[in-house]
2 protein chains.
Amino acid sequence: KLNTPSTIDIMREGETITITNQSIGGGWVEAQNSRGEVGLVPEDYIEVTPTPSLGNVAASDLSFFDAYAPASTPAQNQATNGNDPWSAWNADPSGGSTNNWASNPEGTQTGKSAPDPWAPVSHGHPQAYQGPGAEDDEWDDEWDDMKSTGGYAESEAGESGALQRGGSHATSMKISLNKFPGFSKSGPELYLLCKQLVKGKDRLPIYVGEVGPVWSYPETQLDCVVADPKKGSKMYGLKSYIEYQVTPSTTNRPVNHRYKHFDWLYERLLEKFGSAIPIPSLPDKQVTGRFEEEFIKMRMERLQGWMTRMCRHPVVSSSEVFQLFVTYKDEKDWKMGKRKAEKDETVGVMIFSTMEPEAPDLDLIEVEQKCEQFSRFTKSMDDGVKEILTVGHEHWKRCTGPLPKEYQRIGKAFQNLSSVFTSSGYQGESALTDAMTAAGKTYEEIAQLVAEQPKKDLHHLMETNNEYKGLLGCFPDTIGVHKAAIDKVKEGDKLVAASKITQQDKVTMAKRASTMSYALQAEMNHFHSNRIYDYNRVMQLYLEEQVKFYETIAAKLRQAHSQFTTM
Amino acid sequence: KLNTPSTIDIMREGETITITNQSIGGGWVEAQNSRGEVGLVPEDYIEVTPTPSLGNVAASDLSFFDAYAPASTPAQNQATNGNDPWSAWNADPSGGSTNNWASNPEGTQTGKSAPDPWAPVSHGHPQAYQGPGAEDDEWDDEWDDMKSTGGYAESEAGESGALQRGGSHATSMKISLNKFPGFSKSGPELYLLCKQLVKGKDRLPIYVGEVGPVWSYPETQLDCVVADPKKGSKMYGLKSYIEYQVTPSTTNRPVNHRYKHFDWLYERLLEKFGSAIPIPSLPDKQVTGRFEEEFIKMRMERLQGWMTRMCRHPVVSSSEVFQLFVTYKDEKDWKMGKRKAEKDETVGVMIFSTMEPEAPDLDLIEVEQKCEQFSRFTKSMDDGVKEILTVGHEHWKRCTGPLPKEYQRIGKAFQNLSSVFTSSGYQGESALTDAMTAAGKTYEEIAQLVAEQPKKDLHHLMETNNEYKGLLGCFPDTIGVHKAAIDKVKEGDKLVAASKITQQDKVTMAKRASTMSYALQAEMNHFHSNRIYDYNRVMQLYLEEQVKFYETIAAKLRQAHSQFTTM
């Protein structure tokens, strides 16, 4: 009823409350806790548990925010609930301005509104967004899953992009609280100041190696093969979908997963690790009816790429949810594992609580410098990658359109002239005309080679760059978390002076910011190491294929040349 | 005064008459002969002798045309004067409708109105028509020449194309008789029925060889080298022009000629041989100031091509006028030779009177068949050649514009990403970044190669096809002469029955048509033989250069590839 500190005090973290009035405005809702107490709660702090009875929500410990009542508007991206996958988070991954969820509830998906350079639609690329198709039945399945899992409801209609963290869950909830796009840009203070850090078996050490802070890598890297797409069905064949076999190198025992499962895994990973690790989105959902076979092939290629990248990450691959995904025993095991994962509370900024740098604490100056360095680098690289994608897309279009057409015209012109010569009635034409006709046909073959070449070389270059575009798109969020934490630590003295926090709290915050920095550095070193490997590989592949291409053309022309006799 | 046969009777071939009334209309003018007799004369029959006193004209023997008075309109292209270089002749060389001079006095120049496929104007090709420039002083020189030669006046302003036979002489005369574009499509009857054939030392035998009728070829083919362009001047340096050295293989003694002289030679050859032999036009007159050096080079290359083609022709190269051109001793020799050549009366259809087939007479059916065959062939080849020119022009534009630009963008994108990588602060970047930068630079080099390649291969293909376009453009005229002759012979019985000609005349006509056919066949065989040689050569050159091009690119990419290390 009143916007008083005591109102907020009565809410406890994890408590289930019932929303009594959604129309307060200003970012607040009125709610009642289990004890019947009613008060105002910042919308940001409310997690919607997607059950049919929509009134149940949980809230976090908000006592910290005494001093941060309505003055902090959602637009400042400061008031969010770490446990809430639906909290406000929208940031422009290209490093531009941040959009608060209030103004952009569905999130911004990079690449959707602007033409996707890596979607040469007119050439039948499966990326083409041609409306919903075979996925419709998947939509219906969500409701089945909801009933059976009692929790997770996926909505596959619409976007699931780098920025649309948490998908469009909210849209299926049909409540005004659907402004929770999901990324847990929890106030870092949640981690910086929380009283006890839950220690579990999930500790993640960070060592300092030759290149600097690094994650702990397993002796043998996990590998997964995604293969063998097959049609599966439910409801007595009324609903069908594609299932892929996923075979991890550890067990060599394949497990089946449909796209929806990958998406579920993505959501879990994003929720759990997204504050510290860039979790790139999955390949797109939409399907084009006409290109079904090609689409399935492309999707599988990209799911493979995604799995490989996840496998390479020591933190992700060793996580319980990932292990469940690749090694679950049976349906029951899968469903139970899913429920457990969905209940995981070590999500959002709390992930940092599992990390233990084995190195001296860093002072804030260095923490800030590193953060700034990575912010600049990821932004620059994002520009560079987008440039390659743009140029590559143009080149793709040229190589599959006007250029082969031109070679074909040249070839036809030679052949036409040759057949005119044949009609001359002059003896001794055939030596020339045969050779000219052969030359013409050679140019038609070259046209074909040119048109097919991008699939062999440019394709891989584009795929890699597209993956990196996705990865880089995650960094603004991550870096935003770190920046927010740094800002909070900087306010340490002020907060102590105002008796908001104790001196010990201030020291704790600094130590925890140092931990966050180690995590960021470890992640950057992981990123760089993979980047160098990936780009080295794709550049070699590209150039190798390019060499073969030009040599093949030269050989064909040499052959055509040899058909002419010297007169 | 009256349009009566007797009026026409009073005019004799070669007679000088004075025009008394130009405004009769219907294709007639009133004139007075040296005996004071006044009568009407078909405009077509008047040759303007370009002297300052513009009233003097010569006329031919027109007695034959008793039966062909005003009923034959100029539009039928039937009433022309064999001696008159200014007689009506305009035909669309691409085989379309014929235009009489009355309706199109300046002639139709193929390639002028339609965009010239072989004129990539925007790329600074010297073909670009950018208005008169350095040729202005040549215009003035004409008047000098007129006074000194007393005859020939060249007008270089305007067109001198395949169809603008005889140039724009008429325009400088400023009389209404300027409707004489010059090509001597004399009524073939002039030759078919003339009483005595002048036998001179200029006889041209036609033998029947392996391939059929052929000209008599010299043992050693004449060759000319056009080189060494130098600036010459007259009027104490006030007027300057470019002079080329022409060195024939027979004497090895160079002679100097400016463009104007080549043009004069062209006019003479066209006049003398044009009814039987395709005399292609010279390279264009207009000059672009900015590209002077390139223009001179291109013009010289084309004059060389033209000379080579003329040298290859046994009839042309052995002609007195051609020999004068390449071997004149001094200025006096040149001027006297010019006057003599201008007075040559064996021009137009009368050239056939010098030809002597050493083979049995052909019957009219075969004559007609051959004529038709050649007509079809030259038309088809014209289409084929134009197709190559169109396609080649497009390709030229692409290779010198968008394509290199794309390679450059690719190269820059690689280099940009590489420099982003360099800024990472991660150790061990340089192996990758050095290689990526090198790869980027390689693509920039490839861009350069692509842009420069057309000059090496496509250029020659285009030049050859352009030459053939010019040559083929001459054939409609030539074939028109033959068709007219065939038609005339077909009327033989009718004319005998109407007592227009005697039975002997009819036999003579048939024999002469047979001679004309031998000449046409000899010319076609000459054409085919050269065509095969030229196309064989240029295709080999083109393909050879293409092979080198692609091999060079492959080598560069291989080099770039080798810079990457396996990780």
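Since this is a predicted model, take the numbers as computed values, not measurements.

A.B. asks: Would you take a moment to explain the overall build of chain A for this structure?
C.D. replies: On a plain count of helices and strands, chain A comes out with 16 helices and 11 strands. Within chain A, the proportion of its 567 residues that are buried is 56%. Carbon together with sulfur atoms contributes 52% to the accessible area of chain A, which is approximately 23,100 Å² in total.

A.B. asks: Explain the sheet that holds strand S9 (residues 239–248) of chain A here, please?
C.D. replies: Across a sheet, strands are paired by hydrogen bonds formed along the backbone, either parallel or antiparallel in direction. Residue and element names in this part refer to chain A. Spatially, the 3 strands line up as an open sheet ordered S8-S9-S10, and their pairing is antiparallel. Looking at strand neighbours, the two that pair on one side only are strand S8 (224–234) and strand S10 (255–258), the edges of this open sheet. The average undirected angle you get between the axes of adjacent strands in this sheet is 35 degrees. Examined bridge by bridge, S9 and S10 share 4 bridges and lie antiparallel to one another. Each residue of the ladder has a partner; that of Tyr244, found in S10, is His257.

A.B. asks: Even after reading the chapter, I still don't get the packing of helix H14 (residues 475–490) of chain A against helix H16 (residues 503–562) of chain A, so can you show me in this structure?
C.D. replies: Two quantities define a packed helix pair, namely the angle between the helix axes and the distance between the axes. All names here are of chain A. Running from N to C, H14 and H16 cross one another at 155 degrees; their axes reach a closest spacing of 10 Å. Classified by the angle between their axes, H14 and H16 sit roughly antiparallel to one another. Handedness of the H14/H16 crossing: left-handed. On H16, the residues that touch Phe475, Val481, His482, Ala485, Lys488 and Val489 of H14 are Met509, Ala510, Ala513, Met516, Ser517, Leu520, Met524 and Phe527. Residue composition of the contact of H14 with H16, by class: 11 nonpolar, 2 polar and 1 charged.

A.B. asks: Any chance you could explain the interface of chain B and chain A here in plain terms?
C.D. replies: You'll often see interface size given as the accessible area lost when the parts meet. Between chain B and chain A, the contact holds 68 residues from the first and 68 residues from the second. Buried surface at the junction of chain B and chain A, both sides included, amounts to about 6,600 Å², of which 67% is carbon and sulfur. Across the chain B-chain A interface, the total number found is 6 salt bridges. The residue Arg558 of chain A makes a salt bridge to Glu551 of chain B at a minimum N-O spacing of 2.5 Å. Linking chain B to chain A there are 22 residue pairs in polar contact (both at pLDDT 80 or more). Elements that contribute at least two residues to the side of chain B that touches chain A include exactly helix H10 (364–400), helix H11 (402–422), helix H12 (430–456), helix H13 (458–472) and helix H16 (503–562) of chain B. Broken down by element, the residue count for the side of chain B that touches chain A peaks at 23 residues, all from H16 of chain B. Considered class by class, the residues forming the side of chain B that touches chain A number 35 nonpolar, 21 polar and 12 charged.

A.B. asks: Which parts of the structure should I look at to understand the pairing of S9 of chain A?
C.D. replies: Remember that side chains alternate between the two faces of the sheet whenever the strand is regular. All names here are of chain A. As paired elements, S8 and S9 share 9 bridges and run antiparallel to each other. In the strand pairing of S9, Cys224 is matched with Pro248. Following S8, the chain reverses through 4 residues before pairing antiparallel with S9; Met235 in that reversal takes a positive phi of roughly 50 degrees. From the end of S9 to the start of S10, which pair antiparallel, there are 6 residues, and Asn252 there has a positive phi angle of about 60 degrees.

A.B. asks: Before we go on, may I ask you to explain the sheet that holds strand S10 (residues 255–258) of chain B in this structure?
C.D. replies: Residue and element names in this part refer to chain B. Here we have 3 strands laid out as an open sheet, ordered S8-S9-S10, and antiparallel in their pairing. Among the strands making up the open sheet, the edge pair consists of strand S8 (224–234) and S10. Between one strand axis and the next, the sheet turns through 35 degrees on average, direction left out of account. Where helix H5 (residues 259–273) meets the sheet, it contacts strand S9 (239–248) and S10, and its direction lies at approximately 85 degrees from that of S10. Relative to S10, helix H8 (residues 320–327) is tilted by about 105 degrees, and along the sheet it contacts S8, S9 and S10.

A.B. asks: Even after reading the chapter, I still don't get the environment of Pro248 of chain B, so can you show me in this structure?
C.D. replies: All names here are of chain B. Its location among the elements puts Pro248 in strand S9. Between the C-alpha atoms of Pro248 and Glu189, which are 59 residues apart in sequence, the distance is 38 Å. Setting aside its immediate chain neighbours within four residues, Pro248 contacts Leu222, Asp223, Cys224, Arg253, Val326 and Thr327.

A.B. asks: How should I be thinking about a nonpolar patch on the surface in this particular structure?
C.D. replies: All names here are of chain A. Where nonpolar side chains cluster on the molecular surface, the patch consists of Met235, Tyr236 and Leu238 and spans about 460 Å² of accessible area. By the element assignment, Tyr236 lies in the loop between S8 and S9. Given the relative accessible area of 89%, Tyr236 is considered exposed.

A.B. asks: Would you mind showing me how to read the pattern of salt bridges here?
C.D. replies: For side chains of opposite charge, pairing can occur when their charged atoms come near one another. What the rule picks out here adds up to 51 salt bridges over all chains. A salt bridge links Arg268 of chain B to Glu271 of chain B; its shortest N-O distance comes to 3.0 Å. Here Glu271 of chain B and Arg268 of chain B lie together in helix H5, a separation of 3 residues that amounts to about one turn. In this structure, Arg268 of chain B and Glu271 of chain B share a single accessibility class: buried. Between Lys397 of chain B and Glu394 of chain B there is a salt bridge; the shortest N-O distance is 3.6 Å. Taken as a pair, Lys397 of chain B and Glu394 of chain B lie in helix H10 at a separation of 3 residues, close to a single helical turn. On the basis of relative accessible area, Lys397 of chain B is assigned to the partly exposed category, the value being 32%. A relative accessible area of 27% places Glu394 of chain B in the partly exposed class. Here the residues in one salt-bridge network are Arg309, Arg312, Glu467 and Asp534 of chain A, joined through shared partners.

A.B. asks: For this particular structure, what's the right way to read unusual backbone geometry?
C.D. replies: It is generally the case that most residues other than glycine have a negative phi and that most peptide bonds are trans. Even without a glycine there, the phi angle at Asp228 of chain B is positive, about 55 degrees. You can see Asp228 of chain B is positioned in strand S8.

A.B. asks: I'm lost on the relation of the copies chain B and chain A in this one. Help?
C.D. replies: Think of it as a corkscrew move, a rotation about one axis and a shift along it, taking one chain copy to the other. Overlaying chain B on chain A yields an RMSD of 0.1 Å, the required transformation being a rotation through 180 degrees with an accompanying axial translation of 0.0 Å. In the structure described here, the two chain copies are related by an operation that fits a two-fold rotation axis. Nearest to the rotation axis, the C-alpha of Tyr550 of chain B is located 2.8 Å from it, this being the minimum over chain B. Residue by residue, 100% of the interface of chain B is reproduced at the interface of chain A, so both copies engage with the same surface.

A.B. asks: Sorry if this is basic, but what is going on with empty space enclosed by the protein here?
C.D. replies: Here the idea is plain: a probe the size of a water molecule rolls over the atoms and shows the empty space left. What the rule picks out here adds up to 19 cavities of 30 Å³ or more. For the largest cavity, the calculated volume is near 290 Å³. Lining the largest cavity are 27 residues; nearest its centre among them are Leu403, Tyr407 and Tyr550 of chain A together with Leu403 and Tyr407 of chain B. Those elements giving two or more residues to the lining of the largest cavity turn out to be helix H10 (364–400), helix H11 (402–422), helix H12 (430–456) and H16 of chain A together with H10, H11, H12 and H16 of chain B. Element by element, the count of residues in the lining of the largest cavity is highest for H16 of chain A, at 5 residues. Tallied by class, residues from the lining of the largest cavity come to 19 nonpolar, 6 polar and 2 charged.

Cut-offs applied
Residues numbered from 1 in each chain as written. Chains lettered and ligands numbered in written order. Predicted model: local features only at pLDDT ≥ 70, side-chain atom pairs only at ≥ 80, totals over all residues. Heavy atoms only, no water. Helix = DSSP H or I, 4+ residues; strand = E, 2+ residues; numbered from the N terminus. Buried < 20%, exposed > 50% of the residue type's maximum accessible area, 1.4 Å probe, protein only. Areas by Shrake-Rupley, 256 points an atom, 1.4 Å probe, with all protein chains shown as cover. Pairing = 2+ DSSP bridges. Axes fitted to C-alpha atoms, helices over the stretch in contact; angles between N-to-C directions. Parallel < 35°, antiparallel > 145°, perpendicular 65-115°, else oblique. Left-handed = near helix turned anticlockwise from the far one by under 90°. Contact = heavy atoms within 4.5 Å. Nonpolar A, V, L, I, M, F, W, Y, C, P; charged D, E, K, R; others polar. Buried area = accessible area lost by both parts, 1.4 Å probe. Salt bridge = Lys/Arg side-chain N within 4 Å of Asp/Glu carboxyl O. Polar contact = N/O pair within 3.5 Å; in protein donor to acceptor, adjacent residues only side chain to side chain. Patch = residues over 30% accessible without salt bridge, like charges linked within 9 Å, V, L, I, M, F, W, Y side chains within 5 Å. Least-squares fit on C-alpha atoms with pLDDT ≥ 70 in both. 1 Å grid on protein atoms, 1.4 Å probe; cavity = no way out; pocket = protein on both sides within 12 Å on 5 of 7 lines; lining within 4 Å. Points joined across faces, edges and corners; volume = space filled by probe spheres on them.

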